[in-house]
Amino acid sequence: MQKTALTPYAHLPRAHHDRHVLTSTVDVFGTAHWLLGECAPQPRGDVLPFDALVVSVHPSGSVELTELSAVRARWPHLDRLPDGGFVVAASRTRRHEDANQVQVFDALGRETSSFSVGDAIEHLLVDESGHIWVGHFDENPAGIRRWSATGRLAWTSDGARIPGLFDCYALNVSGTAAWACPYTDFPLVEIRPNRPNRPNRPERSERPERSVKVWANRIRGAKAVAVHGDQVAFYGGYGEERDRLAHGQLTETSVEPVDVGLLTLPDGSVPGRRRVVGRGSRIYVQAEPFTAWGVLDVNS
């Protein structure tokens, strides 16, 4: 089986390796961020507000540090806003934490607002306009939603006719659009909330072009998806397919499989525990100890 190695992308500077990596991500502009704490979160008991450090490594290689005050999330999600601020969200809501689940910080690390987006966050990704896309896992059937940075619900998958949307396995946010591959049917879904409802060209279809497009898909269980033109890549799967890299091509109504291989770390080994982020044509992968990101770009 053909192996494809990730390309090294960004590394946490060694000066910060003494801190615990609470979470890490790559934003819509390609900057990698690490949220660091003094110690690992404890599984039980209430979380006391703590100060955290965000280390940002830009595509140019320059490093930026931002101190966040009074972070409350035990198992956080992190992303950056276009104005230089950050969003930190607790993946679970417990008792009094619900209203303060999402914290918005300004560029100086000061909390400016908080709100809730609902329990069981699987993915939280900010787009170029500053909207926050949230996909939930199966303990919350809310599906996929898009929020403003002030907590206003801007788009919801309710009524979008996405088949089998029960758990948002894969979510890719690029520009102001999103791609998803949700459990249970695993269709490939394109979401463009700003796209007008207008007729397609007659030779293509008589159906109106709406904010959501759906393609039937036979590739099951992917944890990340990347799209470039009519080319699609799915990463991950069940059991022995957890390191699978499957390529497909978009037709009018479906994703047609092209080839299947393995995605490895840059040194050729397979990752154990990992984080994944989908951004347009790219899939970013970070393996334990979570100090380095690698990238696969479908457009290469």
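Here's what I pulled together on the structure shown here. (Residues numbered from 1 in each chain as written. Predicted model: local features only at pLDDT ≥ 70, side-chain atom pairs only at ≥ 80, totals over all residues. Heavy atoms only, no water.)

Here we look at the sheet that holds strand β13 (residues 144–147)
- Spatial ordering of the open sheet is given by β11-β12-β13-β14, a layout of 4 strands whose pairing is antiparallel. Each of the sheet's edge strands pairs with one partner strand only, and the pair in question is β11 (121–126) and β14 (153–156). Taken pair by pair, the neighbouring strands of this sheet meet at an average axis angle of 20°, ignoring direction.
- Judged from the 3 bridges that link them, β13 and β14 form a sheet pairing that is antiparallel. Within β14, the residue paired with R145 across the bridge is T156. (Pairing = 2+ DSSP bridges. Helix = DSSP H or I, 4+ residues; strand = E, 2+ residues; numbered from the N terminus. Axes fitted to C-alpha atoms, helices over the stretch in contact; angles between N-to-C directions.)

Structural notes on the sheet that holds strand β9 (residues 102–105)
- The sheet built from 4 strands is open, its strands ordered β7-β8-β9-β10 with antiparallel pairing. In this open sheet, the two strands that pair with only one neighbour each are β7 (76–80) and β10 (111–115). Going across the sheet, the axis of each strand differs from the next one's by a mean of 20°, ignoring polarity.
- As defined by bridge partners, strand β8 (residues 86–90) adjoins β9 across 4 bridges and the pair is classed as antiparallel. From the neighbouring strand, F86 faces β9, where its bridge partner is F105.

Points about unusual backbone geometry
- In this structure, the amide linkage connecting Y183 to the following residue, T184, adopts the cis form with an omega of 25°.
- Inspection of the secondary structure puts T184 in the loop between β16 (177–183) and β17 (188–191).
- For the peptide bond that leads from E288 to P289, omega is 15°, which places it in the cis range.
- Its place among the elements puts P289 in the loop between β26 (282–287) and β27 (292–297).
- Positive phi is not limited to glycine here, since F186 has a value of about 55°.
- Although it is not a glycine, F290 sits at a positive phi angle of roughly 65°.
- Relative to the elements of secondary structure, F290 occurs in the loop between β26 and β27.
- For F290, a relative accessible area of 10% puts it in the buried group. (Buried < 20%, exposed > 50% of the residue type's maximum accessible area, 1.4 Å probe, protein only.)

Regarding the pairing of strand β22 (residues 231–235)
- Counting buried positions along β22 gives 4 out of 5 residues, so the element sits mostly inside the fold.
- Taken together, the 5 bridges between strand β21 (residues 224–228) and β22 define a ladder with antiparallel strand orientation. Bridge assignment links A224 to a residue of β22, and that residue is Y235.
- Adjacent in sequence and paired antiparallel, β21 and β22 are bridged by 2 residues, among which G229 carries a positive phi angle near 60°.
- The pairing of β22 with strand β23 (residues 244–250) spans 5 bridges and is classified as antiparallel. From the neighbouring strand, Q231 faces β23, where its bridge partner is Q249.

Structural notes on the packing of aromatic side chains
- Counted by the stated rule, this structure contains 9 aromatic pairs.
- Relative to W155, the ring of W133 has its centre 6.1 Å away and its plane inclined at 45°; by these criteria the two rings are tilted. One end of the pair, W133, is in strand β12 (residues 132–136); the other, W155, is in strand β14, and 22 residues separate them in sequence.
- By relative accessible area, which is 0% here, W133 ends up buried.
- A relative accessible area of 12% means that W155 is categorised as buried.
- Ring geometry for F186 and Y238: centres 6.4 Å apart, planes at 75°, overall edge-to-face. Of the two residues, F186 is situated in the loop between β16 and β17 and Y238 in the loop between β22 and β23; the sequence distance between them amounts to 52 residues.
- Classification of F186 as buried rests on a relative accessible area of 2%.
- Of the residues examined, Y238 reaches a relative accessible area of 41% and is grouped as partly exposed.
- In this arrangement the basic side chain of R275 is found over the ring face of F290, its NZ or CZ atom lying 4.2 Å from the centre. (Phe/Tyr/Trp six-rings, centres within 6.5 Å; stacked < 30°, edge-to-face > 60°. Lys NZ or Arg CZ within 6 Å of the ring centre and 35° of its normal.)

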